[in-house]
Each structure stands twice: as structure tokens, then as C-alpha cells.
Amino acid sequence: MNEYESLTQAVIKGDIQLAVSETRKYVDAGADVQSILDKGLIAAMDTVGENFSTGRIFVPQMLRSAKTMQECMNIIKPLFQEGDVTTKGTVVIGTVKGDLHDIGKNLVSMMLEGAGFAITDLGVDVPPDKFVQKAQEVGADVVGMSALLSITMPGMPATIEALTASGLKEKVKVIVGGAPVTEKYANEIDADGYAPDAATAVVEVKKLLGIS
Ligand code: B1M
């Protein structure tokens, strides 16, 4: 039990109205935004995942909680802005082919954007050639891939191969993440970086681009 328990429970139940008003309440009271995110919102999704694994809830309830979390994220998004308007670099990001999970990817985008990076978000179910085409088009410094399903992880090495084949791998840094992705896997597939969470993704991208 923590101070954000009412918010966590509202997201687990998929009660959008309550979750949104709880988020606003914490924001207005000056609560730490990272804590609202970690202890209130992400904690809720962990429980939702457990409830799904144990058959207590099904896909529609999972979707409802996801929608609730997105609405709450919309409220806290502006608060992650570092106030730096200069673009530190361009990041093309997406969830790999076959995978429809986007909350984690959206969080990574949100925090990178807040840290001053220009983001091109390709959304979900992104095939390798789309990553390559967009990275070429916008002159990306970084390509970020997210995967939440073990069976969609091979979309990551497939994209890295496509970047290599196009000659882009030399020019961009590739960062991967998502619940089933590990640092070991990132090394195995020749990704340049890995992050277990959105805050670390910002640190890692800055490190990859030599920005302190
Ligand atoms: Co799905 N789902 N889901 N699901 N879902 C999981 C992932 C699962 C673990 C649930 C479970 O069984 N416990 C399981 C996957 C098992 C596996 O393969 N390992 C699962 C399954 C099986 C499925 C379906 C197959 C269910 C079905 O239909 N029978 C289906 C697949 C659909 C598809 O993609 N083709 C499915 C569908 C869905 C919904 C659509 C209902 C919904 C997603 C809605 C949406 O995203 N808009 C959903 C949800 C909500 C979940 C859980 C409950 C929550 C995911 C989430 O948003 N977490 C999830 C269980 C869980 O993760 N505990 C589950 C919160 C989010 C902030 O964390 O995404 O991990 P996460 O992101 C973190 C880090 O991973 C990291 O930073 C983020 C922030 O800290 N990170 C990166 C992520 N991307 C990164 C990229 C980076 C760096 C870091 O660099 C680029």
C-alpha cells in the first residue's frame, strides 16, 4: 500500500474518470510526477498483467486499464518537459511487427521528448522496412524498438539486419527495450543500447549520442 493506492486501484479497475481525477489531484498537490508514474500507474499495469496471467481478467479488461493509463499519461506528459527547446537528436521509435503494446513505447517517447529529442513515433506493428524508410527520411540519430511479446522480439534483429542492408546501421544508434527484452539479448542482436525503463532510456540515448 502506498500513497497512490487509490490511483493504482482506479487503473486496475479501468475507471477512467476516477483515475483521471486522482492523477489531477496528485499533480495539483505537487506530488512528484515520476512517483505518480512509477508507484501509481506502472504498478497498476503490473497487477493487471498478473491478473491476466492467472485468468482473473481477460483482454477487454486489460484494454480498458491500458486506455485508463493512457488518459492519465496525457495529464502528466507536459510535466516531463525539461524546458530545453533545442533538439538534442532525432529518434525514430516504434513497437515491432506483430506487437500492439504501446504504453511502454509511449512512455519512452514522452520522456525522450521531454528531454529535448525530436521524436518520430511509428506506432505499433512496425515492420523492419518501415523503420529503415523513416530513419532515412528524417535523418535519424537513433532508432528505438519496443517489444512486449516474446514472439515478436525477433522483429528487433530483423530490423537491425534491414538497417545494416541499407547501410544505415553505421549512421544510427539502435536502442531496444520492453518487458521480455534483456541486456544480454540486446548484445546478442548487436543493438547499441538497452534500457529496462523509460528514464534509463533517456540516459542511454544521451550516452549513445555522447550528450552529457
Ligand atoms: Co498484453 N501481454 N497481450 N495486452 N499485456 C503482456 C505483455 C503479458 C506479459 C501479460 C501476461 O501474460 N502476464 C503477455 C506477454 C507474454 C509474453 O510474451 N512474454 C501479454 C499477452 C500474452 C498478450 C496477448 C497475446 C493476449 C491475447 O490476446 N491472448 C495480446 C497480444 C496482442 C499483440 O500485441 N499482438 C495482448 C494484448 C494486450 C492489450 C491490447 C489488451 C493491452 C495493450 C494495450 C496497449 O499497449 N495499448 C495489453 C496489456 C495492457 C498488457 C500488460 C498487462 C501491460 C503492458 C504495459 O503497458 N505495461 C502486460 C503485462 C505486464 O507487462 N505486466 C501484457 C506498462 C508499461 C509501462 O510497461 O510496456 O514493460 P512496459 O514498458 C516499460 C519497459 O519495458 C521499458 O520502459 C517502459 C516504461 O518503464 N520499455 C522500453 C518498453 N519499451 C521500451 C523501449 C526502449 C527502452 C525501454 O527503447 C526503445
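Scroll up a little and you will see the structure.
1. A short note on a nonpolar patch on the surface
Among the surface-exposed residues, Phe-52, Val-59 and Leu-63 lie close enough to one another that they form a single nonpolar patch of about 270 Å² accessible area. Relative to the assigned elements, Val-59 resides in helix α4 (residues 59–76).

2. With respect to the sheet that holds strand β2 (residues 118–121)
One open sheet accounts for five strands, arranged β2-β1-β3-β4-β5; its pairing is parallel. The open sheet is flanked by β2 and β5 (193–194), the only strands paired with a single partner. Bridge count between strand β4 (residues 173–177) and β5: two bridges; the pairing is parallel. Within β5, the position partnered with Ile-175 by the bridge is Gly-193. The sheet contacts of helix α6 (residues 128–138) involve β1 (90–95), β2 and β3 (142–146), and relative to β1 the element is tilted by about 165°.

3. Let's talk about the packing of helix α3 (residues 33–53) against helix α5 (residues 103–114)
Contact geometry for α3 and α5: axes closest at 13 Å, N-to-C directions at 170°. Considering their axes alone, α3 and α5 lie roughly antiparallel with respect to each other. Note on element contacts: α5 touches α3 through Ile-103, Leu-107 and Met-111, opposite Gln-34, Leu-37, Ile-42 and Met-45. For the contact of α3 with α5, a count of residues per class yields six nonpolar, one polar and no charged.

Conventions and cut-offs
- Residues numbered from 1 in each chain as written.
- Predicted model: local features only at pLDDT ≥ 70, side-chain atom pairs only at ≥ 80, totals over all residues.
- Heavy atoms only, no water.
- Patch = residues over 30% accessible without salt bridge, like charges linked within 9 Å, V, L, I, M, F, W, Y side chains within 5 Å.
- Areas by Shrake-Rupley, 256 points an atom, 1.4 Å probe, with all protein chains shown as cover.
- Salt bridge = Lys/Arg side-chain N within 4 Å of Asp/Glu carboxyl O.
- Helix = DSSP H or I, 4+ residues; strand = E, 2+ residues; numbered from the N terminus.
- Pairing = 2+ DSSP bridges.
- Contact = heavy atoms within 4.5 Å.
- Axes fitted to C-alpha atoms, helices over the stretch in contact; angles between N-to-C directions.
- Parallel < 35°, antiparallel > 145°, perpendicular 65-115°, else oblique.
- Nonpolar A, V, L, I, M, F, W, Y, C, P; charged D, E, K, R; others polar.

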